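Spelled out from the first residue to the last, the chains are:
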There are 2 protein chains.
Amino acid sequence: MWDDTPVPSKPSTGETGAAPGSQTLLRGLAILEAVAGGARDLPALSAALGTTRSTTHRLAAALVERRYLTFAPREGYGLGPKLLELGFRAQQAAPVTRVARPHLERLSAECGDTIHLGVLEGDWALYLDKLPGRRRIEISSRVGERQPVWSTGLGKALILDLDETRWRHFYRLGEARGGHSPDLATWLDRMRTYAARGIAYDREENEPEVRCVAGPIRDAGGAIVAAFSVTSTVQYMDEARMEALAGTVRAVAGAISRDLGWAG
Amino acid sequence: MWDDTPVPSKPSTGETGAAPGSQTLLRGLAILEAVAGGARDLPALSAALGTTRSTTHRLAAALVERRYLTFAPREGYGLGPKLLELGFRAQQAAPVTRVARPHLERLSAECGDTIHLGVLEGDWALYLDKLPGRRRIEISSRVGERQPVWSTGLGKALILDLDETRWRHFYRLGEARGGHSPDLATWLDRMRTYAARGIAYDREENEPEVRCVAGPIRDAGGAIVAAFSVTSTVQYMDEARMEALAGTVRAVAGAISRDLGWAG
DNA sequence: AACAAGATCCCACTATATGGGATCGATTGG
DNA sequence: CCAATCGATCCCATATAGTGGGATCTTGTT
């Protein structure tokens, strides 16, 4: 379950990064994403792609025929069952998801907060699963999406075992794309604390009002292969609750890890 | 196992349904499905598509670049995070799934059998969700897949409210594609019983050894919008257990329906 | 070190996708 | 009730975008 993001190395042909030779395929995928983004009818799709009705219609029709999209006369286009199937398979491909699910369900029922499960994919934290939680607040995150490692509790839990050189690397990645809240020294200092306790926090460092507690999941070899986080707004997450959650999170993380063969 | 497109004996009219004009897109989708089917490297993909290395590579590269596939030097291709995201969204698009999940999780924990959630899509039962269960037996079904209505417990639960004319229609669909176990009269008779009790069974009618109990889920208007089934092999499902499960299934079906606004 | 297998790149040819426009069906409103 | 509108679907001449053979590079194997 690894994937490194290739860095565009050809400055000659322009910055687009779009390797030509598959226009039709890319347009088809763009349609999928446009529909996921809420486009319901042909004009909307044409606008999103910048193609004519004809072309858009032909591609959309092919996607419907292959069940990647659904089409209903009065409602327009929707995401199709084939995506359900492929998405489900992609999720099952990572054994972590299947093993962690029941544990996280139980935790979710118990604490009522939003729970995320994720892995390290290249320099990013990739969300594999999400359990919404009972509160009416909506945490804006999506399964399949990438988040910066340095700023999220989940990301920090994923790199708990790495050395300081690598920690700096992740901090620098964040620096490159916009200002940080904490300076390097503070951030490293916190990471050291998190590493020592085997739990990572996020105290509104990234998003105001949003706090979370995250724990690392280890495989049989003891390596961190995934992490999960319990997220809520500050009103449900005072210092006392975070401390209490730390214990729970550590216990659940241990249970999942043991299911993966971890002996620690 | 395969999503087959039936090949007509007479290729005169080109009945394949493949609307030309999107070869590249269709090939790209075929790659996705080949990878889902286990193809790991370029030669395997080329063979599955019947295209040259070049073409296959270009399409696969585009899919990797768009995160629909992953590629790792030693492991080859895999389904990518984008599919996770789209699949998750497709699932959330049906509110039933979200509402039913917690109830089904609880039921799953309680009974340990495989549970399916599905809706009626045209003349088919479409699987929306699947909870594996604790037994080591594997029920071969996939989320996003379609099953015949007439032969599965889930399918029969979906059409419980329809009239006999429509029942006959579904029975005829099955007849067209291979022999039935029960004759029409028997089948209709059973359907009447199921309808009267508000629960559908499948007593190895479809697959030997496989039995299930299925219940209908109703929306605020009382219409059946989905159904779920508890499936197991006959060794875990004697008559007594089926009777016991009927009560549980009816209760859970009612609870989910009430969450959807049903007042019954 | 030479070999083998797979991935990646390149380029001339043509099969393939493109978009303008015509058609058709359903909704809206006058 | 008919006219106008909007969206979906179909058709076809054109050139553009995709194809595949082969060269090249990378990585693991004997």
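A brief look at the structure comes next. (Residues numbered from 1 in each chain as written. Chains lettered and ligands numbered in written order. Predicted model: local features only at pLDDT ≥ 70, side-chain atom pairs only at ≥ 80, totals over all residues. Heavy atoms only, no water.)

Remarks on the sheet that holds strand E4 (residues 124-131) of chain B
Residue and element names in this part refer to chain B. Within the open sheet, the six strands sit side by side as E5-E4-E3-E8-E7-E6. Their pairing is antiparallel. Edge positions in the sheet fall to strand E5 (146-148) and strand E6 (200-203), since each of these pairs with one other strand and no more. Each neighbouring strand pair of the sheet contributes to a mean axis angle of 30 degrees, computed without reference to strand direction. Taken together, the nine bridges between strand E7 (residues 210-218) and strand E8 (residues 224-233) define a ladder with antiparallel strand orientation. In the sheet register, Cys212 faces E8, and the bridge partner there is Thr231. (Pairing = 2+ DSSP bridges. Helix = DSSP H or I, 4+ residues; strand = E, 2+ residues; numbered from the N terminus. Axes fitted to C-alpha atoms, helices over the stretch in contact; angles between N-to-C directions.)

Observations regarding the protein's contact with DNA strand D
Close contacts around DNA strand D come from 17 residues, with A:Gln23, A:Leu42, B:Arg27, B:Ser54 and B:Thr55 the closest. Close to the protein, within 4 Å, the atoms of DNA strand D are drawn from sugar and phosphate at a rate of 75%. A:Gln23 is positioned with one of its backbone polar atoms (N or O) 2.5 Å from a phosphate oxygen of DNA strand D. The contact in question runs from a phosphate oxygen of DNA strand D to an N or O atom on the backbone of A:Leu42, over 3.1 Å. Elements that contribute at least two residues to the surface near DNA strand D include exactly helix H1 (23-36), helix H2 (42-49) and helix H3 (53-65) of chain A together with helix H1 (23-36) and helix H3 (53-65) of chain B. Per-class residue counts for the surface near DNA strand D are two nonpolar, eleven polar and four charged. (Near = heavy atom within 4 Å. Polar contact = N/O pair within 3.5 Å; in protein donor to acceptor, adjacent residues only side chain to side chain. Nonpolar A, V, L, I, M, F, W, Y, C, P; charged D, E, K, R; others polar.)

Considering the relation of the copies chain B and chain A
With an RMSD of 0.1 Å, the operation that places chain B on chain A is a rotation of 180 degrees combined with a shift of 0.0 Å along the axis. What the rotation and shift describe, once combined, is the action of a two-fold rotation axis. When the interface residues of chain B are mapped onto chain A, 88% of them are again interface residues, pointing to one common binding face. (Least-squares fit on C-alpha atoms with pLDDT ≥ 70 in both. Contact = heavy atoms within 4.5 Å.)

So, the pairing of strand E3 (residues 114-121) of chain A
Along a regular strand, successive side chains alternate from one face of the sheet to the other. All names here are of chain A. Burial analysis of E3 places seven of its eight residues in the buried class, which makes it a mostly covered element. By the bridge criterion, seven bridges tie E3 to strand E4 (residues 124-131) in an arrangement that is antiparallel. For Leu120, the partnering residue across the bridge sits in E4 and is Ala125. The turn joining E3 and E4, which pair antiparallel and follow one another in sequence, is formed by two residues; a positive phi near 65 degrees is taken by Gly122. (Buried < 20%, exposed > 50% of the residue type's maximum accessible area, 1.4 Å probe, protein only.)

Examining the protein's contact with DNA strand C
Near DNA strand C there are 17 residues, and of these A:Ser54, A:Thr55, B:Gln23, B:Leu42 and B:His57 occur at the shortest range. A share of 73% of the atoms of DNA strand C within 4 Å of the protein falls on sugar and phosphate groups. A distance of 3.0 Å separates a phosphate oxygen of DNA strand C from a polar atom in the backbone of B:Thr24. The separation between a phosphate oxygen of DNA strand C and a polar main-chain atom of B:Leu42 is 3.1 Å. For the surface near DNA strand C, the secondary structure elements donating two or more residues are H1 and H3 of chain A together with H1, helix H2 (42-49) and H3 of chain B.

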